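# Breakdown of the fold
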Amino acid sequence: MTQMQNAQTIALQLEKVRDKVPLLYERDDVLLTMIQQRGDVEKVSSRNMRLPLQLVPGGKAGSYNADGGDLGRGSGTTYDVAQVTPIFFRFAVEISKLVEYASNAREKAIENAVKREVANGMKQFRSFLDKVIQTGGNGVLGTISSVSGETITMAVPNGAALVYLNQTIQVYDTTLTTNRGSCNVLAADPVNAQTITVDALPAGTIATDVIVHDGLSGAQPVSLYGIKYHQNNATTGTWLNLNRATYANQLQTPRVNAGNSALVPGYVRLAINKVRKSLGIAQLGKLIAYTSVEQEHAWENLGITVSQVIKESGRDGSANDLDPLFSGRKTMSGVPIKSSINADQTRIDFLDLSHWGRAVMKDIDFFEIGGQTVFPIYGASGGISAAFIFYFDTGFQVWDDSPRTGAYIDTLARPAGY
C-alpha cells in the first residue's frame, strides 16, 4: 500500500485569498481637489455666468495752475465681463448580473464587487477630470510624436500621463479641425517610454496629431478651461469671451521662459516678483507652487548641493539619521509645493486659488431619471440582458477671475532619468 500523497488531499485544502486589493495604476486628482477645496463654487443655470472685472484705471492726473487755470477733463474706470457656461461630462460603468450574484456576500467574495465599483468609478472619474484640467481648454491630452503600428509615442511635456487604461480617446489633426476617429487604450507607459497602445488606430493618424478625450466633436472643440487656458501670456485669441488683444496686459499671466534649461532659484524668484510688479507689492496672494514630479525632483536636487551638514547630538537618537532633503514642508521661496503626476513635466505654476472657482450646474453624482440610477442593458433579441449600467455625471466649468495673480515657469529641462 502506497503512502498518501498531497495530490490526494487537494480537495480538502482551503484556498487562502488575501483580503486586500492593492491599486496598480495611477489615479491622482490633486488639482481638481485643490480647486474644489479652496476655490469658489457658484450654482448656475444654462445661461452664461458673468464675472465682472475691473480692467482699466480711470481719472486724469497732472498738475494745474491754481490761479484760474484750466483743470481739464476727466475719465473713469473701465469694467468688462468674463463669461463661463458649464459643460457636461459622464462616466459609465457596466456590470453583468453574474458579477453581482457571485460577490454579494462575504461567504462568496472578499468584497462586494458592485459596491467596490461604485467607489472605483467615482475616483476614476475624478482622476479623468483632473487630467482634463491640465489642458488648454480644448481637451487635448497630448501630442503624437511618432506612430508604429498600434503603438503611439507621445511627446513631452505631457507624454502618456493624461490617458488611462481602457479609456476611449479620439485623434484630431494638429489644427483641431479634422477628427480622424476614436480608439481604446490597451496599454500606456507614462513613466519610461511615454507610449500608448490602442486597439485600432484611426486611419490617417500621423505624427503631430493630437489625442483628445471622448465626447468632443467638430472643429476647435471646447472642454474644461484648464490650467494652460487661464495661466497663459497670449495676447491674441479669447479668454472667457473677452478679446485678449483688447486687454493685452491685463489678461496675461506673468511668464518665465526657462529656454529648456534646468530649474534654478532665480527662475522662482523672478516668477514671484513678476506677480508683484503686475498687481502691486501688497496684492501678492497665498500662492501654491503646482508642479510635476519631475520639477519637484529638480528642486530637490538643488536642495542637496550642500557641502557640509553640521549635526547636533540628540538624546532620542534622531540626530544620527541623515535626511539630505531635511524634514518638514517643502517650499519654493516660501511658496508651498504641491506636485502631481498629471502636471506638465516642464512647467511650474504659481496659483492663487482664492481667485479660482467652478460654475456648477450639477455636482458630481449619479445620473438619475425619475429616481432611478441603475439602468438595464438590452440584448440582441430586444429582451433584457443579464447586465446593468450606471453613470456618474457632472456639469461645470472652471474659471480664474484674475490671471495676473499667478505666474508660471515653462520650457524647463527635465532631470536625468525621466
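Above: the structure in question.
Here the structure is a predicted model, which means the values were calculated and not measured.

Conventions and cut-offs
- Residues numbered from 1 in each chain as written.
- Predicted model: local features only at pLDDT ≥ 70, side-chain atom pairs only at ≥ 80, totals over all residues.
- Heavy atoms only, no water.
- Helix = DSSP H or I, 4+ residues; strand = E, 2+ residues; numbered from the N terminus.
- Buried < 20%, exposed > 50% of the residue type's maximum accessible area, 1.4 Å probe, protein only.
- Polar contact = N/O pair within 3.5 Å; in protein donor to acceptor, adjacent residues only side chain to side chain.
- Contact = heavy atoms within 4.5 Å.
- Salt bridge = Lys/Arg side-chain N within 4 Å of Asp/Glu carboxyl O.
- Pairing = 2+ DSSP bridges.
- Axes fitted to C-alpha atoms, helices over the stretch in contact; angles between N-to-C directions.
- Patch = residues over 30% accessible without salt bridge, like charges linked within 9 Å, V, L, I, M, F, W, Y side chains within 5 Å.
- Areas by Shrake-Rupley, 256 points an atom, 1.4 Å probe, with all protein chains shown as cover.
- Lys, Arg positive; Asp, Glu negative; His and termini not counted.
- Charge placed at Lys NZ, Arg CZ, Asp CG, Glu CD.
- Expected span 1.5 Å × (residues − 1).
- Arc of directions from axis to C-beta.
- 1 Å grid on protein atoms, 1.4 Å probe; cavity = no way out; pocket = protein on both sides within 12 Å on 5 of 7 lines; lining within 4 Å.
- Points joined across faces, edges and corners; volume = space filled by probe spheres on them.
- Nonpolar A, V, L, I, M, F, W, Y, C, P; charged D, E, K, R; others polar.

Within the secondary structure layout, T253 lies in the loop between β12 (242–243) and β13 (255–257). Classification of T253 as buried rests on a relative accessible area of 2%. Polar side-chain contacts of T253 include one of 3.1 Å to the backbone oxygen of H230. Those residues in contact with T253, other than ones at most four positions away along the chain, are H230, Q231, N232, N233, P403, G406, A407 and Y408.

Right, let's talk about the pattern of salt bridges for a bit. Think of it this way: side chains of opposite charge can pair up when their charged atoms draw near. All chains considered together, the criterion is met by 13 salt bridges. Here D344 and K228 are joined by a salt bridge, their closest N and O atoms 2.6 Å apart. Of this pair, D344 sits in the loop between β16 (335–340) and β17 (348–351) while K228 sits in helix α4 (residues 227–230), and the two are 116 residues apart along the sequence. With a relative accessible area of 22%, K228 lands in the partly exposed category. Across the pair K330 and E300 runs a salt bridge, and its minimum N-O distance is 2.3 Å. Of the two residues, K330 sits in the loop between α6 (293–303) and β15 (331–332) while E300 sits in helix α6, which places them 30 residues apart along the sequence. For K330, a relative accessible area of 37% corresponds to the partly exposed category. A relative accessible area of 19% means that E300 is categorised as buried.

Non-glycine residue N166 carries a positive phi angle of around 75°. If you trace the backbone, N166 turns up in the loop between β6 (151–154) and β7 (168–172).

If you trace the six strands from one edge of the open sheet to the other, you get β13-β21-β17-β14-β16-β15, paired in mixed fashion. Across the chains shown, the open sheet's two edge strands, defined by having one partner strand only, are β13 and β15. Note that β13 and strand β21 (residues 407–410) share three bridges and pair parallel. What sits directly across from R255, in β21, is Y408. In this fold α6 packs onto β14 (288–292), β15, β16 and β17, with an angle of close to 110° to the strand it touches most, β14.

Moving on, we get to a positive patch on the surface. A cluster of basic side chains, namely R38, K286, R329 and K338, defines a positive patch on the protein surface. Tracing the chain through its elements places R329 in the loop between α6 and β15.

Here we take up helix α5 (residues 265–279). Across its 15 residues, α5 extends 22 Å between first and last C-alpha, which sits within 8% of the 21 Å expected from 1.5 Å per residue. Y267, V268, A271, I272 and V275 are the residues of α5 that are buried. Along the axis of α5, the buried residues cluster in a sector spanning 130°; they form a single face. Of the surrounding secondary structure, the elements contacted by the buried residues of α5 are β13, α6, β15, β16, β17 and β21.

Empty space within the largest pocket amounts to approximately 810 Å³. Among the elements of the structure, β4 (87–96) and α3 (113–133) are those that each provide at least two residues to the lining of the largest pocket. For the lining of the largest pocket, the element with the highest residue contribution is β4, accounting for eight residues. Quantified by volume, the second largest pocket comes out at close to 340 Å³. Taken together, 15 residues make up the lining of the second largest pocket; nearest its centre are Q54, L55, Q250, L279 and S402. Elements that contribute at least two residues to the lining of the second largest pocket include exactly β2 (49–56) and α5. Tallying contributions element by element places β2 first for the lining of the second largest pocket, with four residues. When its residues are assigned to classes, the lining of the second largest pocket shows seven nonpolar, six polar and two charged.

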